[in-house]
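Observations on chain architecture
Listed here are the chains, written in short residue letters.
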Amino acid sequence: MSGEVVIAYLAAGVLFIRSLGGLSKQETAQDGNTNGVLGMALAIVVAAISWTTRDGMIVRDAAGRLLTVAWGSSGALLGAVAAASVIGAVLARRVEMTGMPELVAVLHSFVGLAAVLVGVSSYLAPSDVHVTAPIERTVHLLEVCVGAAVGAITLTGSVVAWAKLRGTLDGKPLLLPGRHALNAAAALAIAGLAVPFIQAAGSEGLPYLLAIVGLAALLGTHLVMAIGGADMPVVVSLLNSYSGWAAAAAGFMLANDLLIVTGALVGSSGTILSIIMCRAMNRSILSVVFGGFGTGDAAPGGAREVTGEVQEMKADEVGQKLVAARSVVVVPGYGMAVSRAQGAVKELTEALRERGVDVRFAIHPVAGRLPGHMNVLLAEAGVPYDIVHEMEHINADFARTDLVLVIGANDIVNPGALDDPGSSIYGMPVLEVWKSSLTVVLKRGMAAGYAGVENPLFSLDNTRMLFGDARRSIESLVAELRKASAG
């Protein structure tokens, strides 16, 4: 690479690092996103220019034979980039926040597919990075094996995650007998097929490479199928990590330093985020990687049967309780995203604070369908960052709270996670909202949460249900507060 390309790649790498740093805080997330866009644009432009200008306008192979006129291929490249940019812009404008988790999963699958295609194409059309010496060839073929396998796992795992998030597939885990042994056998078979693939001459190893891709695709499918719906935020984060490592593997195959660095940044940051989320949920990252958690360790007989009577409360009654309250904690969940209630929640927050009520938000690490889902919704509505708290910082305060509003959340406020060994979410830390003086749960009906577990919170003596669309219910509460202030 020329010195100019190296400098440009270095600048793009710095922008990517600044992007990750900015995304670590809500206050700087917008700047972080901008840095990431600038870095990616710079990387694409420089990579395209450096490729199309090798040997002037001509691209040759290692032996000096003419392959193609670069500018002809550049037209196809620029056309693909332009079409992809238009599609991405349209999706970004049209997708709702409720559909963002599915979109993220689909985008991860594209990275996996790209890694598979790069692996196959670099094997069928070898370049000068591995044809000069046996050792270099062996190393490159190992890169092809790893890149294609990781890419296939990412591809099919992301597609299954997309289908579960969309509701096309059931959120319940698929628990095949001996599933861990099946996963181990598939991994060993992939490693075993790599030996004849590397030893094959010319392109004779293609059947082995395709078999590796096929087995890895089945492995990715089974790994995510075995993970329950309540774990989807961790799965999305983990697939993000996989996509990064797949991109890094593609960088090795293409001998592109920036792609290696970028993939390593994405892979490592996704892994760190997954570990942080698992720790917050009292889970092991290895149990997620190898077939899901909460999917077979529950005590025999299943969860305890929920007993007790559900008590309903109307909006005007809840409004009166809010008027009398001095401290209120709001717990948002996926139901808030579905009803697009974040704007109404912001109005409710302002109305309460105008009355001198201490209002705070409690965010569970896996609330919603992807990491930070609720934080993004609240930031979009303009809720102040300083009143939004993570679970570990606010859980101890529920006992001193007058009223808790649970907006469309279910599994993250389930007391069975703490005291019911038969529950599939047993052991997962939850927001202990039942310790407050009064808990009001906003739901459309009595359906179970995404994990398919009944919630005993709904029948506790200090819990009341406010049924209906969350946005309309919140708007009714705002009207009651405005009426009380005017009176």
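What comes next is a walk through the structure. (Residues numbered from 1 in each chain as written. Predicted model: local features only at pLDDT ≥ 70, side-chain atom pairs only at ≥ 80, totals over all residues. Heavy atoms only, no water.)

1. Quick look at the overall build of the protein chain
Worth spelling out the cut-off: By definition, any uninterrupted DSSP run of H or I lasting at least four residues is a helix, any uninterrupted run of E lasting at least two residues is a strand, and each is numbered from the N terminus. When accessible area is computed with a 1.4 Å probe and restricted to protein chains, residues below 20% of their type maximum are described as buried, those above 50% as exposed, and intermediate ones as partly exposed. Residue contacts are defined here by distance: any two heavy atoms, one from each residue, within 4.5 Å place the two residues in contact. Surface exposure here means Shrake-Rupley accessible area, sampled with a 1.4 Å probe, where a residue is shielded only by the protein chains that are shown.
Scanning the protein chain from terminus to terminus reveals 17 helices and 8 strands. Here the protein chain holds 487 residues, and 46% of them are scored as buried. Sequence-distant contacts, at least 24 apart, represent 76% of the contacts inside the protein chain between residues at least 6 apart. Surface exposure of the protein chain reaches about 22700 Å², of which carbon and sulfur atoms provide 62%.

2. Concerning the sheet that holds strand E5 (residues 388–390)
Note the following rule: DSSP-based pairing: two strands are paired if at least 2 bridges between them are found. Here the axes come from fitting lines to C-alpha atoms, over the contacting stretch only for helices, and the angles between their N-to-C directions go from 0 to 180 degrees.
Across the sheet, 6 strands lie side by side as E5-E4-E3-E6-E7-E8; this open sheet has parallel pairing. The outermost strands of the open sheet, each flanked by one partner alone, are E5 and strand E8 (463–467). Adjacent strand axes in the sheet meet at a mean angle of 25°, parallel and antiparallel pairs treated alike. Examined bridge by bridge, strand E7 (residues 438–443) and E8 share 5 bridges and lie parallel to one another. Within the sheet, the bridge partner assigned to Val440 lies in E8 and is Arg464.

3. Focus on empty space enclosed by the protein
What counts here: Cavities and pockets were defined on a 1 Å grid built from protein atoms only: a cavity is a group of points that admits a 1.4 Å probe but offers it no way out, a pocket is an open group of points flanked by protein on both sides within 12 Å along at least five of seven lines, and a lining residue is one with an atom within 4 Å of any such point. Grid points are joined across faces, edges and corners, and a volume is the space filled by probe spheres set on the points. Put simply, Ala, Val, Leu, Ile, Met, Phe, Trp, Tyr, Cys and Pro go in the nonpolar bin, Asp, Glu, Lys and Arg in the charged bin, and everything else, Gly too, in the polar bin.
Under the definition given, this model contains 1 cavity of 30 Å³ or more. Lining the largest cavity we find Ile153, Gly157, Gly220, Leu223, Val224, Ile227, Val235, Leu238, Leu239, Tyr242, Val288 and Val289. Broken down by secondary-structure element, the contributors of at least two residues to the lining of the largest cavity are helix H5 (134–166), helix H7 (206–225), helix H8 (232–254) and helix H10 (285–289). Here the element with the most residues in the lining of the largest cavity is H8; it accounts for 4 residues. Residue composition of the lining of the largest cavity, grouped by class: 10 nonpolar, 2 polar and no charged.

4. A few points about H8
Basically, it comes down to this: In this scheme, a helix's expected span is set at 1.5 Å multiplied by one less than its residue total.
Counted at 1.5 Å a residue, the expected span for H8 with its 23 residues is 33 Å, and the 32 Å between its end C-alpha atoms agrees. Along H8, 19 of the 23 residues are buried, which leaves the element largely enclosed by surrounding structure. At the exit of H8 stands Ala255, carrying a positive phi of roughly 55°.

5. Side note on unusual backbone geometry
For Ala255, which is not a glycine, the phi torsion comes out positive at approximately 55°. Of note, Ala255 is situated in the loop between H8 and helix H9 (257–280). Even without a glycine there, the phi angle at Arg340 is positive, about 55°. Tracing the sequence through the fold places Arg340 in the loop between helix H12 (334–339) and helix H13 (342–354). Owing to a relative accessible area of 51%, Arg340 belongs among the exposed residues under this scheme.

6. So, the environment of Val388
Mapped onto the fold, Val388 is located in strand E5. Taking relative accessible area as the criterion, Val388 reaches 14% and is therefore assigned buried. C-alpha separation for the pair Val388 and Leu378, spaced 10 residues apart in sequence, amounts to 8.6 Å. Excluding residues within four positions of it along the chain, Val388 makes contact with Phe361, Ile363, Asn375, Leu378 and Val383.

7. Comments concerning the side chain of Ser19
Within the element layout of this structure, Ser19 appears in helix H1 (residues 3–23). Among residues more than four places away in sequence, those in contact with Ser19 are Gly32, Asn33, Asn35 and Gly36.

8. Side note on the packing of H5 against helix H6 (residues 179–199)
How we decide: We call a crossing left-handed when the near helix sits turned anticlockwise from the far one by less than a right angle, and right-handed when that turn is clockwise.
Their axes nearest at 10 Å, the elements H5 and H6 cross at an angle of 145°. At the point where H5 passes H6, the crossing takes the right-handed sense. Taken together, the residues of H6 that come into contact with H5 (itself represented by Arg137, Thr138, Leu141, Leu142, Val144, Cys145 and Ala149) are Ile190, Ala194, Phe197 and Ile198. For the contact of H5 with H6, the per-class residue count stands at 9 nonpolar, 1 polar and 1 charged.

9. Topic: the environment of Phe252
With respect to the helices, strands and loops of the structure, Phe252 is situated in helix H8. Measuring from C-alpha to C-alpha, the distance between Phe252 and Val144 comes to 8.6 Å, with 108 residues separating the pair along the chain. With sequence-adjacent residues up to four places away left out, Phe252 is seen in contact with Glu143 and Ile260.

10. As for the nonpolar core
The line we're drawing: Only buried residues count toward a nonpolar core, which is a set of Ala, Val, Leu, Ile, Met, Phe, Trp, Tyr and Cys residues joined through side-chain atoms within 4.5 Å.
Counting 109 residues, the largest nonpolar core has Leu322, Val331, Leu431 and Val433 as the members making the most contacts within it. Among the elements that line this core, the one with the most residues is H5, at 10 residues. Aside from chain neighbours lying at most four places away, what touches Val331 is Ala362, Phe398, Val404, Leu405, Val406, Ile407, Ala409, Ile412, Val413, Leu431 and Val433. In terms of nonpolar packing, the next biggest core, distinct from the first, is built from 9 residues, Val5, Tyr9, Ala12 and Leu258 among them.

Geometric descriptors of this kind do not, in isolation, establish any biological role.
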